[in-house]
Structures are given as structure tokens and as C-alpha cells.
Amino acid sequence: MDAPMNVNREDVIASLGGEAVVQGMDHEARADALEDFMSGKLDAMVAARKRGKALPSVADLADKVDSRGYRRGAGRLFIHERSNQNPDADESGRTVVRLAPMPEKPTLIDFFKLRFPPAAHLLQSARLATKNGLSVEIILACLLHDAGQYLCRADHGYWGAQIVEPYVSERVAFAIKYHQALRFFPDPSVGYEYPENYLVTFGADYVPLPHVQAAYTYARNHKWYMDARMVTTNDLYSFDPNVQVEIDEFTDVIGRHFKQPKEGLGHDNSPVAHMWRTLANPDSPL
Ligand SMILES: [Fe+2]
Ligand SMILES: [Fe+2]
């Protein structure tokens, strides 16, 4: 199914399930969240239509689930999206890369250099936050905001916040955790719009899951809302491939606001040490 050509609010409500969905919104906050979401998505749909973008539906994307050799929620470190299914699919012949061994006591910077490359999205987001004059904590949150995706893309804000929780301030962890939900909801006060590429990634008629709507409502009313929101406004989706940002640019930010365990990440017996070990050894069969 294709998204309607002339997008209007009624069409979208109808595509969401119409009355059934509206009546299911027993919770006023949920209704507000859905309202914010829909008004933002409508603008994105109009813009995408103007650009002549073909928008898949949720059903179109669901149809493709068993035509891939991997699940879309799998961590980036574990798959190569263009080669796992068919070795001939990618003309460059790329497969997952052979990983260099980690040092005995790996630091966050070691993970950036040896497990996260090219990490352009994280590095460019952090550079943008720096350029925008944001606080050091927000710069760190931007630098780490999608690190959870290396482990697991599904619910990556939660994974991402969890892996760094013992080592960063509560505020940084909050910003990372809630950026995931906030991505779906516009905030015109800071010029944040629903991302057009989400129409393609999730489907034109996609509605965020109830836990995401609830997380948005919670974060929206939280005193640290703007921290998480700033992660979404510096969350770059188009890169300048000619702009090279190195992790060394953030040595000072990390040194001041990331409590590097002296035993090395993965060896400090913290509640998340096993997650860092998994990132260090993604080729381990068990
Ligand atoms: Fe993200
Ligand atoms: Fe991101």
C-alpha cells in the first residue's frame, strides 16, 4: 500500500485505524503524544511527497522480514546489512570486518577506534553539538547516543543508556535513553521535525509503540527534557563524507565526564561489564 497522495489529517487518522485508534486513547497524555506525533508526521509526509519519495507502508516492510538474512533489530557489530543475505548483493564484496584484538584494559576510546568505526554518525553529532555551543554533558550524550546500536538496534536508546549508566552522570544517561522516543515527536520550539527517513524506515502509516509514546510523555514533562531533545536536534542523518572527525577530538570531554574503570570496560565487574565484553568479542559463539 502506498501513502495517500493528498495527505490530510483525516486520511492519516483513517490510515492509523480510524475511530478504533482514537477510542483506544483512554489516557489523555497518550492522546496528546499521538497528536504531537501525527502533526509532525503529516508535515514530513507532505515534504516527502513533494520530493517524490516512495513511501512504504508498515505492511510493505513486514512483507520483507523473511527476505533478509538477518533481523533489522540486530546490533550493527554483528551483521553486514548488504552481504549477509546474499554474497553477491554488494558489488564491493563487503562482509563483516575482521576485528583487531582489544587491549587488556580497554577504554571507551579503544572501543571507538576498534569496534565502532567508522562511527561517523556519533562523531559528527558530537561535533555539531560542540559547534552549537552545548554543554559538555550534552556533547558526551551526543557522542554516545547510538552506541547501543552496536549491540542491539531495537530499543537502542535503552541499551545505549544502560551500557554507560555506571560511568556517566544520570543526566547523560537520561538524554541517551529518551532520545529514542523523542525522535518520533516534533518540537517546533527548537525546530525539530519528524524525520522524513523514518517514513521509509518504519513505514508511512507507522505509529510508535505504546511504551515509546509513554516515554515521550514522561520525558516531555521532565526537568531534563531539553537535554534529551538536544540529542535529537544534533542527531545528524546526512553526513558530509568529506568531514572527518576523530575521537581524539573528544578526549577531554570523555576524560572529564566518563568514569573510565581502571580494570578496563568489560573487566570491572559492573552490572554491564558483560555487555562491553560482548562488544569486545562479537565473534564468540557463546
Ligand atoms: Fe538514535
Ligand atoms: Fe542518531
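Residues numbered from 1 in each chain as written. Chains lettered and ligands numbered in written order. Predicted model: local features only at pLDDT ≥ 70, side-chain atom pairs only at ≥ 80, totals over all residues. Heavy atoms only, no water.

**A short note on the overall build of the protein chain**
Then, number 1: The number of helices and strands found in the protein chain is 14 helices and zero strands.
Then, number 2: Starting at the N terminus and ending at the C terminus, the protein chain contains elements arranged as α-α-α-α-α-α-α-α-α-α-α-α-α-α.
Then, number 3: Looking at the protein chain as a whole, 45% of its 286 residues qualify as buried.
Then, number 4: Counting only contacts in the protein chain whose residues sit at least 6 apart along the sequence, the fraction spanning at least 24 positions is 74%. (Helix = DSSP H or I, 4+ residues; strand = E, 2+ residues; numbered from the N terminus. Buried < 20%, exposed > 50% of the residue type's maximum accessible area, 1.4 Å probe, protein only. Contact = heavy atoms within 4.5 Å.)

**Focus on the environment of Ala161**
Then, number 1: Within the secondary structure, Ala161 is located in helix H8 (residues 156-164).
Then, number 2: Separated by 17 residues in the primary sequence, Ala161 and Leu144 have C-alpha atoms spaced 8.6 Å apart.
Then, number 3: For Ala161, the contacting residues outside a window of four places in its chain are Ala173, Ile176 and Lys177.

**Regarding the coordination of the iron ion (ligand 1)**
Angles between donor atoms at a metal ideally measure 109.5 degrees for a four-coordinate tetrahedral arrangement and either 90 or 180 degrees for a six-coordinate octahedral one.
Then, number 1: Asp146 (OD), His156 (NE2) and His179 (NE2) make up the full set of protein donors to the iron ion (ligand 1), lying at 2.1 to 2.2 Å.
Then, number 2: Within one chain, the residues serving as donors to the iron ion (ligand 1) are arranged as D-x9-H-x22-H.
Then, number 3: A gap of 3.6 Å separates the iron ion (ligand 1) and the iron ion (ligand 2), which Asp146 links by coordinating each metal. Of this pair, Asp146 sits in the loop between helix H7 (136-144) and H8 while His156 is found in helix H8, placing the two residues 10 residues apart along the sequence. Neither Asp146 nor His156 differs from the other in exposure class; each is buried. (Donors = N, O, S within 2.8 Å, 3.2 Å for Na, K, Ca; no water.)

**Concerning the coordination of the iron ion (ligand 2)**
Then, number 1: Coordination sphere of the iron ion (ligand 2), protein contribution only: His121 (NE2), His145 (NE2), Asp146 (OD) and Asp235 (OD), at 2.1 to 2.2 Å.
Then, number 2: Coordination at the iron ion (ligand 2) is irregular: its four donor atoms span angles of 83 to 171° at the metal.
Then, number 3: Considered as a linear motif, the donors of the iron ion (ligand 2) on their single chain read H-x23-H-D-x88-D. (Tetrahedral: all angles 85-135°; square planar, octahedral: opposite > 155°, others 65-115°.)

**A look at the packing of H8 against helix H14 (residues 273-280)**
Then, number 1: Contact geometry for H8 and H14: axes closest at 8 Å, N-to-C directions at 110°. Taken as axis vectors, H8 and H14 run roughly perpendicular relative to one another. Contacts between H8 and H14 involve Trp159, Gln162, Ile163 and Val164 from the former and Met275, Trp276 and Leu279 from the latter. (Axes fitted to C-alpha atoms, helices over the stretch in contact; angles between N-to-C directions. Parallel < 35°, antiparallel > 145°, perpendicular 65-115°, else oblique.)

**A closer look at the confidence of the model for the protein chain**
The predicted coordinates of low-pLDDT regions are not to be read in fine detail.
Then, number 1: In the predicted model, the protein chain carries a mean pLDDT of 88, and 86% of its residues have values of at least 70.
Then, number 2: Under a pLDDT of 50 for its full length, residues 1-6 has, in the predicted model, 15 contacts with residues more than four places off or in other chains. (pLDDT = per-residue confidence, 0-100.)

**Examining the side chain of Gln213**
Then, number 1: Note that Gln213 resides in helix H11 (residues 210-220).
Then, number 2: Every residue in contact with Gln213, bar those within four places of it in the chain, is listed here: Arg30, Ala33, Leu34, Phe185, Val207 and Pro208.

**Digging into the pattern of salt bridges**
Then, number 1: By the definition in use, this model includes nine salt bridges.
Then, number 2: In this structure, Lys113 and Asp248 form a salt bridge, with 3.2 Å as the shortest nitrogen-oxygen distance. Within this pair, whereas Lys113 is found in helix H5 (residues 108-114), its partner Asp248 is found in the loop between helix H12 (225-233) and helix H13 (251-257), the two being separated by 135 residues in sequence.
Then, number 3: Look at Lys113 and you get partly exposed, because its relative accessible area is 44%.
Then, number 4: Here Arg229 and Asp187 are joined by a salt bridge, their closest N and O atoms 3.8 Å apart. Note that Arg229 is positioned in helix H12 and Asp187 in the loop between helix H9 (170-182) and helix H10 (196-202), a separation of 42 residues in sequence.
Then, number 5: Using a relative accessible area of 0% as the deciding quantity, one classes Arg229 as buried.
Then, number 6: One network of salt bridges, in which partners are shared, links Arg51, Lys53 and Glu196. (Salt bridge = Lys/Arg side-chain N within 4 Å of Asp/Glu carboxyl O.)

**Focus on the layout of surface pockets**
Then, number 1: In this structure, the second largest pocket spans a volume of roughly 300 Å³.
Then, number 2: Taken together, 17 residues line the second largest pocket, and the ones lying closest to its centre are Pro118, Ala120, Leu123, Gln244 and Val245.
Then, number 3: Residue composition of the lining of the second largest pocket, by class: 11 nonpolar, two polar and four charged. (1 Å grid on protein atoms, 1.4 Å probe; cavity = no way out; pocket = protein on both sides within 12 Å on 5 of 7 lines; lining within 4 Å. Points joined across faces, edges and corners; volume = space filled by probe spheres on them. Nonpolar A, V, L, I, M, F, W, Y, C, P; charged D, E, K, R; others polar.)

**Observations regarding helix H3 (residues 28-50)**
Then, number 1: Across its 23 residues, H3 extends 33 Å between first and last C-alpha, which sits within 8% of the 33 Å expected from 1.5 Å per residue.
Then, number 2: All of the buried residues in H3 are Ala33, Leu34, Phe37, Met38, Gly40, Lys41, Leu42, Ala44, Met45, Ala48 and Arg49.
Then, number 3: Positioned one or two residues after H3, Gly52 has a phi angle of 70°, which is positive. (Expected span 1.5 Å × (residues − 1).)

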